[in-house]
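The residues making up each chain are set out below.
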Amino acid sequence: MSCVTGLTCINCGVGVPAPDSAGVCPHCDDPFSVLDVQYDLNRVARTMTRVAITARPANHWRYAELLPIDGDDNAFRWPVGWTPLLSADRLAVWVGVQALRLKDDGRNPTGSFKDRASSVGVLHALQGGATRVACASTGNAASSLAGFAAMAGIPATIFVPQKAPDPKIAQLLIYGADVRRVRGSYAQAYDMCSTLCEREGWYNRNCAINPYLVEGKKTCGLELAEQFSDDRVPDWVAVSVGDGCTIAGIGRGLQQMRALGWISRMPRLLGVQAAHVRPVMEAFVSGALPDPSSCGATMADSIDVPVPRNWRKAVREVKASEGAFIGVTDEEIGAAMRATGSLAGVFAEPAAAAAVAGVRAAVESGVIDSGADVVAVITGNGLKDIRGAMQVAGSPRDVEPMA
Ligand SMILES: *Cc1c(COP(=O)(O)O)cnc(C)c1O
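This text gives an overview of the structure that appears in the document.

What counts, and where the lines are drawn
Residues numbered from 1 in each chain as written. Predicted model: local features only at pLDDT ≥ 70, side-chain atom pairs only at ≥ 80, totals over all residues. Heavy atoms only, no water. Patch = residues over 30% accessible without salt bridge, like charges linked within 9 Å, V, L, I, M, F, W, Y side chains within 5 Å. Areas by Shrake-Rupley, 256 points an atom, 1.4 Å probe, with all protein chains shown as cover. Salt bridge = Lys/Arg side-chain N within 4 Å of Asp/Glu carboxyl O. Helix = DSSP H or I, 4+ residues; strand = E, 2+ residues; numbered from the N terminus. Buried < 20%, exposed > 50% of the residue type's maximum accessible area, 1.4 Å probe, protein only. Core = buried A, V, L, I, M, F, W, Y, C linked by side-chain atoms within 4.5 Å. Domains from an automatic or database assignment. Contact = heavy atoms within 4.5 Å. Pairing = 2+ DSSP bridges. Axes fitted to C-alpha atoms, helices over the stretch in contact; angles between N-to-C directions. Expected span 1.5 Å × (residues − 1). Near = heavy atom within 4 Å. Polar contact = N/O pair within 3.5 Å; in protein donor to acceptor, adjacent residues only side chain to side chain. Nonpolar A, V, L, I, M, F, W, Y, C, P; charged D, E, K, R; others polar.

The next subject is a nonpolar patch on the surface. A surface patch of nonpolar side chains, about 430 Å² in accessible area, is lined by Phe347, Leu383, Ile386 and Met390. Examined against the element boundaries, Phe347 turns out to sit in the loop between α12 (330-344) and α13 (350-364).

A few words now on unusual backbone geometry. What you tend to see is this: most non-glycine residues have negative phi, and most peptide bonds are trans. With phi around 50 degrees, Trp82 is a residue other than glycine that occupies positive phi space. Position of Trp82 relative to the elements: it lies in the loop between α2 (50-54) and β4 (85-87). Residue classification places Trp82 among the partly exposed residues on the basis of a relative accessible area of 27%. Of note in the backbone geometry, Glu322 takes a positive phi value of approximately 55 degrees without being a glycine. Locating Glu322 in the fold gives a position in the loop between α11 (311-320) and β12 (324-328). Overall, Glu322 belongs to the exposed group, its relative accessible area being 59%.

Counting residues in hydrophobic clusters, the biggest one holds 46 residues, and the most contacted among them are Met48, Leu224, Phe228, Val237, Ile250, Leu254 and Met257. The set of elements that each furnish at least two residues to this core consists of β1 (4-9), β3 (35-39), α8 (211-227), β10 (236-240), α9 (245-259), α10 (279-286), α11 and β13 (373-378). Shared between two domains, this core takes at least three residues from each, and those domains are domain 1 (4-77) and domain 2 (85-111 + 213-391). With residues up to four places along the chain from it excluded, the contact list for Phe228 reads Leu85, Arg101, Val233, Pro234, Leu254, Ile263 and Val375. Counting residues in each nonpolar core, the second largest holds 41 residues, with Ala300, Ala361, Ile368 and Val374 among its members.

Spatial ordering of the open sheet is given by β8-β7-β6-β9, a layout of four strands whose pairing is parallel. The sheet is open, and its two borders are formed by β8 (178-182) and β9 (203-204), each paired with just one other strand. Those strands touched by helix α6 (residues 166-174) are β7 (156-161) and β8, and its axis lies near 150 degrees from that of β8.

Note that Met390 resides in helix α14 (residues 386-393). Through-space distance from the C-alpha of Met390 to that of Gly334 is 10.0 Å; in sequence the pair is 56 residues apart.

This paragraph deals with the pairing of β12. The element β12 is extensively covered by neighbouring structure, given that four of its five residues are classed as buried. Sheet topology places strand β11 (residues 268-274) next to β12; five bridges connect them, and they run parallel. Bridge pairing links Ala274 to Val328 in β12.

Let us now look at helix α5 (residues 140-152). For α5, spanning 13 residues, the distance from its first C-alpha to its last is 18 Å, which sits close to the expected 18 Å at 1.5 Å a residue. Within α5, ten of the 13 residues are buried, leaving the element largely enclosed by the surrounding structure. Of the positions making up α5, those classed as buried are Asn140, Ala141, Ala142, Ser143, Ser144, Leu145, Ala146, Gly147, Phe148 and Ala149. In this structure, the buried residues of α5 make contact with α4 (115-127), β6 (133-136), β7 and α6. Gly153 sits one or two residues past α5 and shows a positive phi near 80 degrees.

This part covers the site of the ligand. What surrounds the ligand is a group of 16 residues, the closest being Lys114, Asn140, Gly242, Thr246 and Thr379. In this structure, an oxygen atom belonging to the ligand sits 2.7 Å away from a main-chain N or O atom of Gly242. Between the ligand and Asp243, the relevant distance is 2.8 Å, taken from an oxygen atom to a main-chain nitrogen or oxygen of the residue. In the complex, 96% of the free accessible area of the ligand, which totals 380 Å², lies under the protein chains. When grouped by side-chain class, the residues that make up the shell around the ligand number four nonpolar, eight polar and four charged.

Further remarks concern the pattern of salt bridges. All chains considered together, the criterion is met by 19 salt bridges. The partner of Arg101 in a salt bridge is Asp373, with the nearest N and O atoms 3.6 Å apart. Taken together, the positions of Arg101 in strand β5 (residues 99-104) and Asp373 in strand β13 put the pair 272 residues apart, joining distant regions of the chain. This pair shows no difference in class: Arg101 is buried, exactly as Asp373 is. One salt-bridge network, in which partners are shared between bridges, spans Asp36, Lys313, Arg316 and Glu317.

Any functional reading would require information that these geometric values do not contain.
And the structure:
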């Protein structure tokens, strides 16, 4: 059912034969020359009709034509995506816009948006005959890979740096992953993973450059377009940005649905970065990445990415939508976590609440009009980072039991 025609390099534009290249462009001498998957949209339109889609399962495999691989019945039962788009009227007032909806991707099986990519990656690995999947991360990419490996029944090895926080390791271990804590830095864990994957033939989810994983992230954009009922396309869609795959994928999905006639116009994309870790925002203005040593710190670990692999796709999609970037401080993120929880009933991890904080900051600085209709994508569940939540939540009132 997949309507893939091939891969092209986003830097030099040269075509690369599909379907198996999972790396960067073989012609460009540039680690940021990622590949784009191309589709035959005429062929997509013939079978991906509204009537056909409505009858399909409520998960992201419903967009089979626009995914890079043909699935099997088992994978198609993995409950990825089709997360709700919730009206958040009281949060809209706090943020300062006319209307605000939250796309709650914290409800994915392992609690984050990364499930969209991991599910496609694990299926791709299975179909390629891999015997093991691996990645180096402590974040949502790792827990998501471990979860889908467990669902699929393929072993997973996860390399984590020594200083990885215990709560994040717990999720990996519970999913049964082989967790290897490297006595060293994240970079050393990453290198060890790459070396072993090459040597042992394991499937490497060390993402960002793998075009198949980025395609999985696209399904959020496809869903949003389908969910904008009565063609109520928002003025803005706000997404937090680390490597840039998430916003690039959402932009791509919306553009494809626009080309297919499911929405009548493109919303503008608001890319939200941490105030002190904002290389994609700077590249959006200058056309090049800043020196990673210029980055500071942020509590939003999922977007704490000083060398973003997918900045080109992110910048391209935000520009194509006539969008903008904004930076938010940890204080603003903390305030947005409390507001999103208490005014909308959605518990967001810091990197996810950053999108809400970004909308508020963009209204304050005049980038977004107060009459705007906005969607913020909640990319991860707050239970992922209880320590971060406790830092901003305040304390309970200690009281005596009633006599
Ligand atoms: C990974 C992640 C992001 C950012 O996605 P990128 O593709 O790295 O830009 C945002 N929020 C959460 C919760 C994430 O896990």
